[in-house]
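Chains, contacts and geometry: an overview
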Amino acid sequence: MAAKYGPGTPREQALMAAVAISDATDGRRILALSGRLEATTIRGVWDESRRAIAAAPDQRVVVDAADVDYCDGAGIALLVDLIQQRKAGDVQVANLHPAFETLLQQFDAQALGHDLDPPAPRRPAVEEIGVITAGMGEDLRQQIVFIGETTAALVYALLHPSTIRWKDVWRICERVGADALPIVALISFLLGVILAFQSAIPMRKFGAEIFVADLIGLAMLRELGPLMTAILLAGRSGAAFAAEIGTMTVNQEVDALTTMGLDPVRFLVTPRIIAALLMTPLLTLFADLISLLGGAMTLQSFSIPFVTFVHEVEGIVNFSDFMAGFVKSFVFAILIAGIGCLRGLQTTAGASAVGDAATRAVVSGIILLVVVDGVFAVLYFVLDI
Amino acid sequence: MTTPAPIADPIISVRGLTAGYGDVVLLENVGFDVRRGEVFVILGGSGSGKSTLLKHMIGLLPPQSGSVAIDGDDIIAAEGDARRAILRKIGVMYQSGALFGSMTLAENVRLPLEEYTDLTSDEIELIARMKLSLVGLGAFTGHLPAEISGGMQKRAAIARAMALDPMILFLDEPSAGLDPITSAELDALIKRLARNLDVTFVVVTHELPSIFSIADRVIMLDPRKKGIVAEGDPRKLRDESDDPWVRQFFNREAEPVAA
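Here we take up the overall build of chain B. Secondary structure summary: chain B contains 9 helices and 10 strands in total. Here the C-alpha atoms of chain B give a radius of gyration of 19 Å, agreeing with the 18 Å that 2.2 N^0.38 yields for 259 residues. Based on the C-alpha atoms only, the size of chain B along its principal axes is roughly 60 × 40 × 35 Å. Across the 259 residues that make up chain B, the buried fraction comes to 52%.

See below:
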């Protein structure tokens, strides 16, 4: 019985492909194909035909294509696949229209199977873990080498300031620092407002709203100001560094520097780290001030005047609290710029490589920031700062 | 595989070079010399290892084995200042031009001069303008690379490669992606520079018109033999080579395909 595949009206059914399976008296299995063999119609026919061949392993098979009205590349692929189901000669295609026969003759069904690349062997789980671990080890090695090269380049730059490309430094400073002011202002202001609201409401129950100023002062200057600024810069400037240097790598500009005998680390990394070192602490100070402003404005609505807020913050936040946050911003600057540049220099070829480099810069940058912030927290606790 | 006869006092000497990526070997035990002042063309089909060979000759990639001597000094073994001294003798034009996108053409040419010389800014500017005018870009010194055409970018890249008056200029696929007229103009520029300046050119290409136009001598790489299959005057190779693949290449004949 012929099975028609696919939904549709009788007119649409006429455009479908069909297969009728029968066994001839001489023992051969006959697959009578009919209709249009094209990509949109052969799905069901393909499965049905393969099953019919598999179900008769001892019978020779004839694919009768006398009623095939049309056959495109997909239809030819179906015929080739059916021929490949058995060893050479066991599946024969008969009565195919000469025009389609010419198309089928372009392919040697048996050789086609041999020509294909063998599928990549699946690695055992243990080997896979080993490969991933080796990859992480290699990444760590590159980071250590990079830290060494960058440190050497920075020391050289400090000893020979005239070798620093100051024009590049100021250009990058503008992009890292001045251009980031609006977003840093917005986020830190909102952070101050949110922190003040969230803490003032429960603390009002105890008549302790005034201590919200202490909380905001300490939290912002010691912890949140430097960390939030650094995370913003990792997303903004770290990604930009990776994308910029990554594009230069893809465009062979880094190769061009190398063959000029010029060190890419000194040319591309040093100016960015210096710019980040100059700008990140300034942006952190700016973020601290704006978040305190946000907190102060919020507390106005809780009947705490601005002067009282300032007086309270002055009383609780001492110089070592300020320095605890400020010192961190220098370390964060090196991390953000360093990881951004490293990911840029590690960029491989291909359309997605630069995007991958930017993504890796942001992800590794944020992870490193949080880890190092944790290290600082422990260090300050031990040192009683 | 062919091993060209050694040349007395070569400017470049490649010996026993085996190169590839990871486990894949593209070139095996390749050796040849480049004469001083000639236009030497490395040619071969796609995937034959032309650009890989060039990257090893300019020290960008370490070979699996072998040596590359530039004016007598091994660029692979050299480090630090010795390596910088060798690199000063060469200039490279990359396939994409590889101009620094944030710098004007003049700034691109100025860069190596600023790094290697103690000339004043005005003197460097004059030299940069002269180099750019030598390649016909005297009126575009203030343009960014993105503001000029692909052919002009390649000429600017040649000007930058010539900034320090190197002994050898390496050009990687100079005609790639250019229309026939621009390509012919670039060939004419290379011939003019080769004739008028005391520079050796090493050019990687598979563009036949360019090869016949500029080459004094060629070596031909065959991916199946992982090395050199022919060496000499391209016209003679086209007309007289015994190797059917070489004749096929020069006569632009397709590989026979089983019917």
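There's plenty left to go through after this.
When its secondary structure is counted, chain A shows 14 helices and 5 strands. Relative to the compact-globule value of 21 Å for 385 residues, chain A shows a C-alpha radius of gyration of 35 Å, a clear excess of over 25%. Overall, chain A is about 105 × 65 × 40 Å in size when its C-alpha atoms are taken along their principal axes. Looking at chain A residue by residue over its 385 residues, the buried ones come to 44%. Intrachain contacts of chain A at a sequence separation of at least 6 include 77% that bridge at least 24 residues. In the form shown here, chain A has an accessible surface area of approximately 19800 Å², with 67% of it arising from carbon and sulfur atoms. Side chains of chain A give 27 positive and 39 negative charges; the mean places of these two sets differ by 1 Å.

Residues and elements named next belong to chain A. This model, assessed by the stated rule, comprises 11 aromatic pairs over all chains. Here Tyr-70 and Phe-100 contribute two aromatic rings whose centre-to-centre distance is 6.3 Å and whose plane-to-plane angle is 85°, an arrangement assigned as edge-to-face. Of this pair, Tyr-70 sits in strand β4 (residues 61-71) while Phe-100 sits in helix α4 (residues 98-105), and the two are 30 residues apart along the sequence. A ring pair is formed by Phe-326 and Phe-330, whose centres lie 5.3 Å apart and whose planes are at 90°; its orientation type is edge-to-face. Separated by 4 residues within a single helix, Phe-326 and Phe-330 lie in helix α13 (residues 319-345), roughly one turn from each other. Classification of Phe-326 by relative accessible area gives buried; the value is 18%. Given the relative accessible area of 33%, Phe-330 is considered partly exposed.

As a further point, take the sheet that holds strand β2 (residues 24-34) of chain B. All names here are of chain B. Pairing in this open sheet of 4 strands is antiparallel, and the strands run β2-β1-β4-β5 from one edge to the other. Each end of this open sheet is capped by a strand with a single partner; those strands are β2 and β5 (73-74). Helix α1 (residues 50-57) contacts β1 (12-21), β2 and β4 (65-70) of the sheet and is inclined by roughly 120° relative to β1.

Further remarks concern the pairing of strand β10 (residues 227-232) of chain B. Residue and element names in this part refer to chain B. Counted residue by residue, β10 has 5 buried out of 6 residues, so it is predominantly covered. Across 5 bridges, strand β9 (residues 217-222) lies against β10 in antiparallel orientation. By the bridge assignment, Met-220 is partnered in β10 with Ala-230.

The next thing to look at is unusual backbone geometry. One non-glycine residue, A:Ser303, lies in the positive phi region at around 65°. Relative to the helices and strands, A:Ser303 resides in the loop between α11 (264-300) and α12 (306-316). Residue A:Ser303 is classed as exposed on the basis of its relative accessible area of 67%. One non-glycine residue, B:Lys226, lies in positive phi territory at about 55°. Along the chain, B:Lys226 turns up in the loop between β9 and β10. Classification of B:Lys226 as partly exposed rests on a relative accessible area of 30%.

Applying the stated criterion across every chain yields a total of 38 salt bridges over all chains. Of the charged contacts, one joins A:Lys328 and A:Glu223 as a salt bridge, the two residues approaching to 3.3 Å between their closest N and O atoms. Here A:Lys328, found in helix α13, pairs with A:Glu223, found in helix α9 (residues 211-250); they are 105 residues apart in sequence, far enough to count as distant. Within the structure, one salt-bridge network assembled from shared partners comprises A:Arg165, A:Asp168, A:Arg171, A:Arg266 and B:Glu115.

To continue, consider the interface of chain B and chain A. Listed as interface residues are 22 residues of chain B and, on the opposing side, 16 residues of chain A. Of all residues in chain B, the largest losses of buried area upon contact with chain A belong to B:Tyr94, B:Phe100 and B:Glu115, amounting jointly to 30% of the total for that side. Summed over the shared surface of chain B and chain A, the number is 3 salt bridges. Counting the contacts that link chain B with chain A gives 7 residue pairs in polar contact (both at pLDDT 80 or more). A per-element tally of the side of chain B that touches chain A places helix α3 (residues 105-116) of chain B first, with 6 residues. Of the residues assigned to the side of chain B that touches chain A, the class counts are 13 nonpolar, 3 polar and 6 charged.

This next bit is on the confidence of the model for chain B. Averaged over all residues, the pLDDT of chain B equals 88, while 97% of them reach at least 70. For this predicted complex, the interface score ipTM comes out at 0.82, alongside a pTM of 0.75.

Residues and elements named next belong to chain B. In terms of residue burial, β9 counts as a mostly covered element, since 6 of its 6 residues are buried. Side-chain alternation along β9 places Arg-217, Ile-219 and Leu-221 on one buried face and Val-218, Met-220 and Asp-222 on a second face that is also buried. Note: strand β3 (residues 39-44) against β9, 5 bridges, orientation parallel. Among the inter-strand pairings, Ile-42 is bridged to a residue of β9, identified as Ile-219.

Our next topic: the nonpolar core. Counting 131 residues, the largest nonpolar core has B:Ile12, B:Phe32, B:Met57, B:Phe170 and B:Phe201 as its most contacted members. Among the elements that line this core, the one with the most residues is α11(A), at 11 residues. Counting 26 residues, the second-largest nonpolar core is a separate cluster that includes A:Ile42, A:Ala52, A:Val61 and A:Phe100.

The next point concerns helix α2 (residues 43-54) of chain A. Along an α-helix, residues three or four apart share an orientation, since each turn contains 3.6 residues. Residue and element names in this part refer to chain A. With 12 residues, α2 should reach 16 Å at 1.5 Å per residue; the first-to-last C-alpha distance of 17 Å fits that figure. When α2 is considered as a whole, its buried residues turn out to be Gly-44, Val-45, Trp-46, Ser-49, Ala-52 and Ile-53. Those residues of α2 hidden inside the fold are in contact with β2 (17-23), β3 (29-37), β4 and α3 (73-84).

The subject of this paragraph is the confidence of the model for chain A. On average, residues of chain A score 89 in pLDDT, and 94% of them reach the 70 mark or higher. Within chain A, α11(A) carries the highest mean pLDDT (94), whereas strand β1 (residues 2-4) of chain A carries the lowest (49).

Once that is clear, we can look at a nonpolar patch on the surface. Residue and element names in this part refer to chain A. On the surface, Val-378, Leu-379, Phe-381, Val-382, Leu-383 and Ile-385 cluster together into a nonpolar patch covering about 630 Å² of accessible area. Within the fold, Val-382 resides in helix α14 (residues 353-383). With a relative accessible area of 62%, Val-382 lands in the exposed category.

Each value, and the rule that gives it
Residues numbered from 1 in each chain as written. Chains lettered and ligands numbered in written order. Predicted model: local features only at pLDDT ≥ 70, side-chain atom pairs only at ≥ 80, totals over all residues. Heavy atoms only, no water. Helix = DSSP H or I, 4+ residues; strand = E, 2+ residues; numbered from the N terminus. Rg over C-alpha atoms; globule rule 2.2 N^0.38 Å. Buried < 20%, exposed > 50% of the residue type's maximum accessible area, 1.4 Å probe, protein only. Contact = heavy atoms within 4.5 Å. Areas by Shrake-Rupley, 256 points an atom, 1.4 Å probe, with all protein chains shown as cover. Lys, Arg positive; Asp, Glu negative; His and termini not counted. Charge placed at Lys NZ, Arg CZ, Asp CG, Glu CD. Phe/Tyr/Trp six-rings, centres within 6.5 Å; stacked < 30°, edge-to-face > 60°. Pairing = 2+ DSSP bridges. Axes fitted to C-alpha atoms, helices over the stretch in contact; angles between N-to-C directions. Salt bridge = Lys/Arg side-chain N within 4 Å of Asp/Glu carboxyl O. Buried area = accessible area lost by both parts, 1.4 Å probe. Polar contact = N/O pair within 3.5 Å; in protein donor to acceptor, adjacent residues only side chain to side chain. Nonpolar A, V, L, I, M, F, W, Y, C, P; charged D, E, K, R; others polar. pLDDT = per-residue confidence, 0-100. Core = buried A, V, L, I, M, F, W, Y, C linked by side-chain atoms within 4.5 Å. Expected span 1.5 Å × (residues − 1). Patch = residues over 30% accessible without salt bridge, like charges linked within 9 Å, V, L, I, M, F, W, Y side chains within 5 Å.

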